[in-house]
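Secondary and tertiary structure notes
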Amino acid sequence: MTVGKDVSALFPDVVNCMQTDNLELKKLVYLYLMNYAKSQPDMAIMAVNTFVKDCEDPNPLIRALAVRTMGCIRVDKITEYLCEPLRKCLKDEDPYVRKTAAVCVAKLHDINAQLVEDQGFLDTLKDLISDSNPMVVANAVAALSEIAESHPSSNLLDLNPQSINKLLTALNECTEWGQIFILDCLANYTPKDDREAQSICERVTPRLSHANSAVVLSAVKVLMKFMEMLSKDLDYYGTLLKKLAPPLVTLLSAEPELQYVALRNINLIVQKRPEILKHEMKVFFVKYNDPIYVKLEKLDIMIRLASQANIAQVLAELKEYATEVDVDFVRKAVRAIGRCAIKVEQSAERCVSTLLDLIQTKVNYVVQEAIVVIKDIFRKYPNKYESVIATLCENLDSLDEPEARAAMIWIVGEYAERIDNADELLESFLEGFHDESTQVQLQLLTAIVKLFLKKPTETQELVQQVLSLATQDSDNPDLRDRGYIYWRLLSTDPVAAKEVVLAEKPLISEETDLIEPTLLDELICYIGTLASVYHKPPSAFVEGGRGVVHKSLPPRTASSESTESPETAPAGAPSGEQPDVIPTQGDLLGDLLNLDLGPPVSGPPLATTSVQMGAVDLLGGGLDSLMGDEPEGIGGPNFVAPPAAAVPANLGASMGSGLSDLFDLTSGVGTLSGSYVVPKAVWLPAMKAKGLEISGTFTRQVGSISMDLQLTNKALQVMTDFAIQFNRNSFGLAPAAPLQVHAPLSPNQTVEISLPLNTVGSVMKMEPLNNLQVAVKNNIDVFYFSTLYPLHILFVEDGKMDRQMFLATWKDIPNENEAQFQIRDCPLNAEAVSSRLQGSNIFTVAKRNVEAQDMLYQSLKLTNGIWVLAELRIQPGNPSFTLSLKCRAPEVSQHVYQAYETILKN
């Protein structure tokens, strides 16, 4: 049997041997039964009587053997016969039998969960946690944990301080695998306060000195989890940090495979709490006989631990590694030098000189890696180390890897004004343009456009050549699209082109490969398991529902929050930039119709303006301008527009110059009667919504507000089941009717919809005030976007105050609520201004002429009843007006001024 031969034919004869008193023979018979019971279930029933008899044998070894074998025979027909013997064994006087029976319950539960629950075995198992024998306790915990994993919703391991105390008592006396079960169980417990957490940590700490590495890692997991609840001010917190380092270091003296597992776990620990191992850098120095997988992992941890205190030591070591024979390792070492430069600013100069020394070795792959790394250093510290560019240019001919060539091209393009022969260098790359990889082609296109914007007169031919290669001769859509964008920008609005292409770039961050914090917290809860080696949560690699429970660290106590690292800004800190919300995965999957039932969306509100949304899609208006007459670009009258042949014929008419037109998707929609209608803009680009593109604007006509939407299906599948929901907003805007898309939206089809709105929805002050967060649902997914609505859609028709009331209200509103604004470049006279504003429900209450200036006194009322009073000073012949606004809610004034500007200038 054990050598693979089928001996199932002997089943009846072997079963007859079960009656023997010889323990060794009985073991062999039971082994045979386990192996063949599944293929011969009818014959296996013959063995039931012997099991029942053996469960009452005076010898505890035979009782345990019988119950263990019963658990291993996975045959439904005989499980019910085993309940009685199992119940007796669970209450057996011998602990060896009880511990075996505890595991048998878990096996039986796997075969028939309902049976185990009906027979009350789970309660018996819970009672065993209070057993006097530590091994029985450990096995009971292991069995309950196993059952709880397959039924996450059941609260089997109902842990409380009393049961935790029993587990901690058993921890000192049971075997090493029993200790692992108990420690893993403790890790799932959340202490009620920091004192209990500290008490558990104190009793778990001795396990750190265990010889079994699995016990050590399980203990580290418990301590890492409970440290979250300890205040950093506590003396004990510092003591615990010191105690965690030695056992982790000891793990690195094991064989390479264990070292690797330890290093993967240490990598997580160092990301969470670098202070634990900050003084242990030398342990992670690579040994000559380490396997490559250990070397690379050590290298990663070295960079994570690099600081100003140890950077000299680390750099000396990395420089040494760069002369090794293993190519992969050398490449990683050179990259590591660059990462150190980015992480520790004080070391950047030393890192750059080390990289230059390595370039001088002229070893091809070292030179190429060094150039890639120096590109990143330039991005982190612009205008600091550009003196090395000459050295880099000398090695241009030796570059044959796409990443290195792309990096070098980026450097030449970015610093073209400092390199005399930049055009020649880029031209040399252009000769084999079609043989280059996409990465290099894209970089070359951008670099030549940068060069052209910096030296327009000398490089006109070069830019024409690259744009022609990218748009006409290339079949790569990414390259073609980028070529058209540049061509269009250069030929319509050179100033905008300069602002876009030569915009200041954000500095790259210190650590680009850090694990995202919530994932890191989850992985810390899985230290010592496969998840900690893969650096992925179990749900990413475990099939089916078993064992996939999302874990997280316990919340910090109030005392420990005050000592958070200085990098986390206080909650109320004003943010300089416009915040935007990326809904969490949970939000995205949630039903959009619950959007405003709960508390406000966590995090700052969405504030991406519709213009910004549109700006994502640079070709929003199509390539139509390429067909029309273009104004002169930077290159003067000879700058050629891209060929009309390359342009799809169905795109709109030619557009005017200026970047603003790029985003004008209305293509000549006339203004409707009523208040001024802002042209439609792209609110949700197709690339962000799985092929659904949403453009829109807001209108107000005869007292009713609408959201005019244009839905375009750019996906390859039909879209149906549309629904829309607004989040709470400053003025209670909400859909007055469902989103009606009467027919399924086929691929490449566009539909126009007018959605009526009202202002009776839930109110919550937004930032900015006119921000509207929208969720749109269809049969594919739920999509989120935000837009800014023009405030004049909220100006109501009965907003004209009588003169006396106006005078009294103006005096009554305090002077500090008055705001003054300038409206420039508006060539209208007072009459035209008055009539245009009245179309949008801004009413002129009175008009007078003072010192050759026309003074218009105006009033308007918002849907929520707020009145705004205005004084508009117009000097004939002067296109600049002065607008004074008074309002009891002064935060509205800025948006009312924007409405004035929009209405008067369009």
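Looking at an unreviewed UniProt entry, the protein carries the name AP complex subunit beta, with the source organism given as Ailuropoda melanoleuca. Quoted verbatim from the Sequence similarities (unreviewed entry) heading of the UniProt record, the comment on the protein is "Belongs to the adaptor complexes large subunit family." The protein has a UniProt comment under Subcellular location (unreviewed entry) that states "Endomembrane system".

1. Let's talk about the sheet that holds strand E7 (residues 771–777)
The strand order across the open sheet built from three strands is E4-E7-E8, with neighbouring strands paired in antiparallel fashion. At either end of the open sheet lies a strand with only one pairing partner, and these are strand E4 (723–726) and strand E8 (782–788). The mean angle between the axes of side-by-side strands here comes to 25°, regardless of whether they run parallel or antiparallel. Looking at chain direction, E7 and E8 are connected through seven bridges and run antiparallel. Pairing of asparagine 771 across the sheet is with leucine 788, part of E8.

2. A word on unusual backbone geometry
Look at the link from glutamate 767 to proline 768: it is a cis peptide, with omega at -5°. Residue placement: proline 768 occurs in the loop between strand E6 (750–758) and E7. For aspartate 721, which is not glycine, the phi torsion reads 55° and is therefore positive. Classification of aspartate 721 as exposed rests on a relative accessible area of 57%.

3. So, the pattern of salt bridges
If you walk through the whole model with that rule in mind, you get 35 salt bridges. Here lysine 765 and glutamate 891 are joined by a salt bridge, their closest N and O atoms 3.8 Å apart. Placement of the pair is lysine 765 in the loop between E6 and E7 and glutamate 891 in the loop between strand E13 (881–887) and helix H38 (893–905), with a sequence separation of 126 residues. Its relative accessible area of 56% is what places lysine 765 among the exposed residues. Classification of glutamate 891 by relative accessible area gives partly exposed; the value is 41%. Note that arginine 888 is salt-bridged to aspartate 812, the shortest N-O span being 2.7 Å. Placement of the pair is arginine 888 in the loop between E13 and H38 and aspartate 812 in helix H36 (residues 803–812), with a sequence separation of 76 residues. Arginine 888 gets classed as exposed once you look at its relative accessible area, which sits at 53%. Accessibility expressed as a relative area gives 48% for aspartate 812, which makes it partly exposed. One continuous salt-bridge network, built from bridges that share partners, spans Arg331, Arg335, Glu369, Glu401 and Glu403.

4. With respect to the nonpolar core
The biggest cluster of nonpolar side chains holds 202 residues, and the ones touching the most others in it are Leu167, Val204 and Phe378. Mapped onto the domain boundaries, this core takes at least three residues apiece from domain 1 (1–158) and domain 2 (403–492). When near neighbours in sequence (up to four residues on either side) are disregarded, phenylalanine 378 contacts Tyr385, Glu386, Val388, Ile389, Leu392, Trp410, Ile411 and Tyr415. If you look at the next biggest cluster of nonpolar residues, it comprises 62 residues, including Ile705, Phe731, Phe795 and Leu860.

5. A look at the packing of helix H26 (residues 438–454) against helix H27 (residues 460–471)
In the contact formed by H26 and H27, the axes pass within 9 Å of each other and the chain directions differ by 150°. When the axis of H26 is compared with that of H27, the two are roughly antiparallel. As H26 packs across H27, the resulting crossing turns out to be left-handed. The segment H26 lies against H27, with Leu445, Ile448, Val449, Leu451 and Phe452 engaging Gln460, Leu462, Val463, Val466, Leu467 and Ala470. Taken together, the residues that form the contact of H26 with H27 break down as 10 nonpolar, one polar and no charged.

6. Structural notes on a negative patch on the surface
Taken together, Glu424, Glu427, Glu431 and Glu461 make up a surface patch of like negative charges. Tracing the chain through its elements places glutamate 461 in helix H27. Looking at glutamate 461, the relative accessible area reads 72%, which means it is exposed.

7. Let's talk about the packing of helix H15 (residues 213–227) against helix H16 (residues 235–251)
The N-to-C vectors of H15 and H16 enclose an angle of 155°; their axes lie 11 Å apart at closest approach. When the axis of H15 is compared with that of H16, the two are roughly antiparallel. Every pair of crossing elements has a handedness; the one defined by H15 and H16 is left-handed. Along the contact surface, H15 presents Ser213, Val216, Leu217, Val220, Leu223, Met224 and Met227, while H16 presents Tyr237, Leu240, Leu241, Leu244, Pro247, Leu248 and Leu251. Counted by class, the contact of H15 with H16 contains 13 nonpolar, one polar and no charged residues.

8. Here's the deal with empty space enclosed by the protein
Remark: the empty space left among the atoms is shown by a probe the size of a water molecule rolled over them. Counted by the stated rule, this structure contains one cavity of 30 Å³ or more. Quantified by volume, the largest cavity comes out at close to 50 Å³. Looking at the lining of the largest cavity, the elements with two or more residues in it are helix H5 (60–72) and helix H8 (95–111). Considering each element in turn, the lining of the largest cavity owes the most residues, three residues, to H8. Of the residues contributing to the lining of the largest cavity, the split by class is seven nonpolar, two polar and no charged.

9. Some words on the packing of aromatic side chains
In this structure the tally under the stated criterion is 12 aromatic pairs. With 6.0 Å between their ring centres and 25° between their planes, tryptophan 683 and phenylalanine 785 make a pair best called stacked. With tryptophan 683 in strand E1 (residues 681–684) and phenylalanine 785 in strand E8, the pair connects residues that are 102 residues apart, well separated along the chain. Considered together, tryptophan 683 and phenylalanine 785 belong to a single accessibility category, that of buried residues. The interplanar angle of 5° and the centroid separation of 4.5 Å between the aromatic rings of phenylalanine 821 and tyrosine 897 together place this pair among those described as stacked. You can see phenylalanine 821 sitting in strand E9 (residues 818–823) and its partner tyrosine 897 sitting in helix H38, a full 76 residues away along the chain.

10. Points about a nonpolar patch on the surface
Among the surface-exposed residues, Leu25, Leu28 and Leu31 lie close enough to one another that they form a single nonpolar patch of about 260 Å² accessible area. Secondary-structure assignment places leucine 28 in helix H2 (residues 23–36).

11. As for the pairing of E8
Summarising burial for E8: six of the seven residues are buried, a large majority. Hairpin connection from E7 to E8: four residues lie between these consecutive antiparallel strands.

12. A few points about the environment of arginine 195
Of note, arginine 195 is situated in helix H14 (residues 194–204). Look at arginine 195 and you get exposed, because its relative accessible area is 70%. For the pair arginine 195 and leucine 230, spaced 35 residues apart in sequence, the C-alpha to C-alpha distance is 8.2 Å.

Reading the values: the criteria
Residues numbered from 1 in each chain as written. Predicted model: local features only at pLDDT ≥ 70, side-chain atom pairs only at ≥ 80, totals over all residues. Heavy atoms only, no water. UniProt positions renumbered as here; feature names shortened; annotations may be inferred. Pairing = 2+ DSSP bridges. Helix = DSSP H or I, 4+ residues; strand = E, 2+ residues; numbered from the N terminus. Axes fitted to C-alpha atoms, helices over the stretch in contact; angles between N-to-C directions. Buried < 20%, exposed > 50% of the residue type's maximum accessible area, 1.4 Å probe, protein only. Salt bridge = Lys/Arg side-chain N within 4 Å of Asp/Glu carboxyl O. Core = buried A, V, L, I, M, F, W, Y, C linked by side-chain atoms within 4.5 Å. Domains from an automatic or database assignment. Contact = heavy atoms within 4.5 Å. Parallel < 35°, antiparallel > 145°, perpendicular 65-115°, else oblique. Left-handed = near helix turned anticlockwise from the far one by under 90°. Nonpolar A, V, L, I, M, F, W, Y, C, P; charged D, E, K, R; others polar. Patch = residues over 30% accessible without salt bridge, like charges linked within 9 Å, V, L, I, M, F, W, Y side chains within 5 Å. Areas by Shrake-Rupley, 256 points an atom, 1.4 Å probe, with all protein chains shown as cover. Lys, Arg positive; Asp, Glu negative; His and termini not counted. Charge placed at Lys NZ, Arg CZ, Asp CG, Glu CD. 1 Å grid on protein atoms, 1.4 Å probe; cavity = no way out; pocket = protein on both sides within 12 Å on 5 of 7 lines; lining within 4 Å. Points joined across faces, edges and corners; volume = space filled by probe spheres on them. Phe/Tyr/Trp six-rings, centres within 6.5 Å; stacked < 30°, edge-to-face > 60°.

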